[in-house]
Amino acid sequence: MNLPLSPDRLWDNLMALARIGATPGGGNNRPALSALDSQARHQLVAWGREAGLTLKVDRFGNMALRREGRDPTRPPVLVGSHLDTQPTGGKFDGPYGVLAGLEILRALHEAGTVTEAPIVLVNWTSEEGCRFSPSMIGAAAAMGVITPEQALNAPALDDAERLGDALTQQGWAGTDDLGLLGAAAYFEAHIEQGPILEAEGFDIGVVTGGFATERALVTVIGKDGHAGSTPMPMRQDALLAAAEMAVAAERILLARAPEGRFTVCRFLVTPGADGVVSGEARMAMDFRHPETAVLEALWAEADAAFAEIALRRRVQVAREAYWRFPRVAFNPALAERLRVAARRHGVSQRDILSGAGHDAYHAAARMPAVMLFIPCHGGVSHHPSESISREWAEQGLRVLADAVVETANAKV
Ligand code: HGY
Ligand code: MN
Ligand code: MN
């Protein structure tokens, strides 16, 4: 298929978008539903208008930019990702998938090529869980994985705002039915955010699935005390108990290396004041493993270790999971379509599992879905120095375009 795709225009758009919320060191800080996220959304609307796309926005702020097909009754093919970033994010995590999808629709528009099925570009609200928790709220709500109330009442971690308030405040509380649930397929192109493709010399990763993931808030309650006059044996030091639990959890996950992944994403201490033994500590712990059953067993092992530490240190410990999904399996037929397209373009490829969570995980619960990874330098992501080559960006675009258009023209 020889669509007039323009890799240069894709790159220029990536650089233009990266100027919205640019941070020192070349990164981006565009928190979900902040004024900067809204500015990026409006930029996408303007580009979509140039490409003849019609916009719909749902009650969660998810954006659907639609190109009609010859048969408007056929379920659409979706392609998308997210525009919000981590506070210390890069230029490409999210925007690459959105703007590669846009470039496909632009090329179809310029060529006057009409596919059988409609194609819809999606920008999902609040993929990063760093402002509103948990991650991937827009996709989860649109796919019915969480309730509208859970999505709209999602708390901001940095202030008292709810996601629903921010939607209204920024003018992105839509009322449209995007018609996503009945879609024929969902494609998401994304940077790998890991080192494998670059290290092994592959230009494309065909993502066959994703790690099982569970993030939980672990709360440790001890007793405040004076840092000077409280003898050590009398202390109920929540911070040190939590620290020992974190190290114990790391040991448990390291025993399952290399697939076991453990992170303490946030560590909050109260009062955390000079001169005080802190009586409360809360950790956002993130466990990941390719196998759901193993992940569950690892949490059980960690809970036992936490209970032993709590008893010995005379503190209370409680754990509440707030972000969880089992191992994700993407659609084999769509994965094969990506492999064939990569071979057609002479692009080296390998199958790969995703350790990072993506909006595609929730889409995969409701429709055939698949992801395509391109490498990123040093596997660095969620960092201002996140970077890709123009060649990788182009190769991913061409492979994605073939698979998306073939799916939109597939015989039903
Ligand atoms: O944490 C994740 O995996 C996602 O990138 N927010
Ligand atoms: Mn992402
Ligand atoms: Mn991310």
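You'll find the structure just up there.
Residues numbered from 1 in each chain as written. Chains lettered and ligands numbered in written order. Predicted model: local features only at pLDDT ≥ 70, side-chain atom pairs only at ≥ 80, totals over all residues. Heavy atoms only, no water.

(A) Quick look at the coordination of the manganese ion (ligand 3). For the manganese ion (ligand 3), the protein coordination sphere consists of Asp93 (OD), Glu128 (OE), Glu128 (OE) and His382 (NE2), at 1.9 to 2.7 Å. We note that the donor set of the manganese ion (ligand 3) lies within a single chain, spaced as D-x34-E-x253-H. Assessed through its relative accessible area of 3%, Glu128 is described here as buried. Take His382: its relative accessible area is 35%, and that puts it in the partly exposed class. (Donors = N, O, S within 2.8 Å, 3.2 Å for Na, K, Ca; no water. Buried < 20%, exposed > 50% of the residue type's maximum accessible area, 1.4 Å probe, protein only.)

(B) Geometry of the nonpolar core. Core analysis: the largest hydrophobic core is formed by 101 residues, its most contacted members being Tyr96, Phe187 and Ile388. Counting residues per element, this core draws most heavily on helix H12 (residues 390-409), which supplies 10 residues. Dropping the residues within four chain positions of it, Phe187 is found in contact with Val77, Leu78, Val79, Gly80, Leu334, Val370, Leu400, Ala403, Val404 and Thr407. Listed in part, the 26 residues of the second largest apolar core include Val220, Val294, Ile309 and Ala310. (Core = buried A, V, L, I, M, F, W, Y, C linked by side-chain atoms within 4.5 Å. Helix = DSSP H or I, 4+ residues; strand = E, 2+ residues; numbered from the N terminus. Contact = heavy atoms within 4.5 Å.)

(C) Spatial organisation of the pattern of salt bridges. One pass over the structure, following the stated rule, counts 27 salt bridges. A salt bridge links Arg344 to Asp402, with the shortest nitrogen-to-oxygen separation between them at 2.6 Å. Separated by 58 residues along the polypeptide, Arg344 in helix H10 (residues 332-344) and Asp402 in helix H12 bring together distant segments of the chain. For Arg344, a relative accessible area of 43% gives the class partly exposed. Assessed through its relative accessible area of 2%, Asp402 is described here as buried. Residue Glu394 is joined to Arg398 by a salt bridge in which the shortest nitrogen-to-oxygen separation is 2.9 Å. Taken together, the residues span about one helical turn, with Glu394 and Arg398 both in helix H12 at a distance of 4 residues. Judged by relative accessible area, which is 30%, Glu394 ranks as partly exposed. (Salt bridge = Lys/Arg side-chain N within 4 Å of Asp/Glu carboxyl O.)

(D) Broad picture of the coordination of the manganese ion (ligand 2). In the first shell of the manganese ion (ligand 2), the protein supplies His82 (NE2), Asp93 (OD) and His190 (NE2), at 2.1 to 2.3 Å from the metal. The sequence motif formed by the donor residues of the manganese ion (ligand 2) is H-x10-D-x96-H. Metal-to-metal, the separation of the manganese ion (ligand 2) and the manganese ion (ligand 3) is 3.5 Å; Asp93 coordinates the two. Of the two residues, Asp93 sits in the loop between strand S5 (77-82) and helix H3 (95-111) while His190 sits in strand S7 (residues 185-191), which places them 97 residues apart along the sequence. Neither Asp93 nor His190 differs from the other in exposure class; each is buried.

(E) Expanded view of H10. For H10, which comprises 13 residues, the first-to-last C-alpha distance of 18 Å matches the rise-based estimate of 18 Å (1.5 Å per residue) to within 8%. Restricting attention to buried positions, one finds in H10 the residues Leu334, Ala335, Leu338, Arg339, Ala341 and Ala342. One face of H10 carries all of its buried residues, which in axial projection span an arc of 165°. Those residues of H10 that are exposed and angled more than 90 degrees off the buried face are Pro332, Ala333 and Arg343. Elements that come into contact with the buried residues of H10 comprise S7, strand S8 (204-210), strand S16 (349-354), strand S17 (369-374) and H12. Capping of H10 at its N-terminal end is provided by Asn331; its side-chain oxygen lies 3.0 Å from the backbone amide nitrogen of Ala333. (Expected span 1.5 Å × (residues − 1). Arc of directions from axis to C-beta. Polar contact = N/O pair within 3.5 Å; in protein donor to acceptor, adjacent residues only side chain to side chain.)

(F) Layout of helix H2 (residues 35-50). With 16 residues, H2 should cover 22 Å at 1.5 Å per step; its first-to-last C-alpha distance of 23 Å lies within 8% of that length. Turning to H2, its buried residues number three or more, namely Asp37, Ser38, Ala40, Arg41, Leu44, Val45, Trp47 and Gly48. Where the residues of H2 are buried, they touch helix H1 (7-18), strand S3 (54-57), strand S4 (63-67), H3, strand S6 (119-124) and helix H6 (163-170). Gly52 lies just past H2 and shows a positive phi near 75°.

Distances and angles like these do not, on their own, reveal function.
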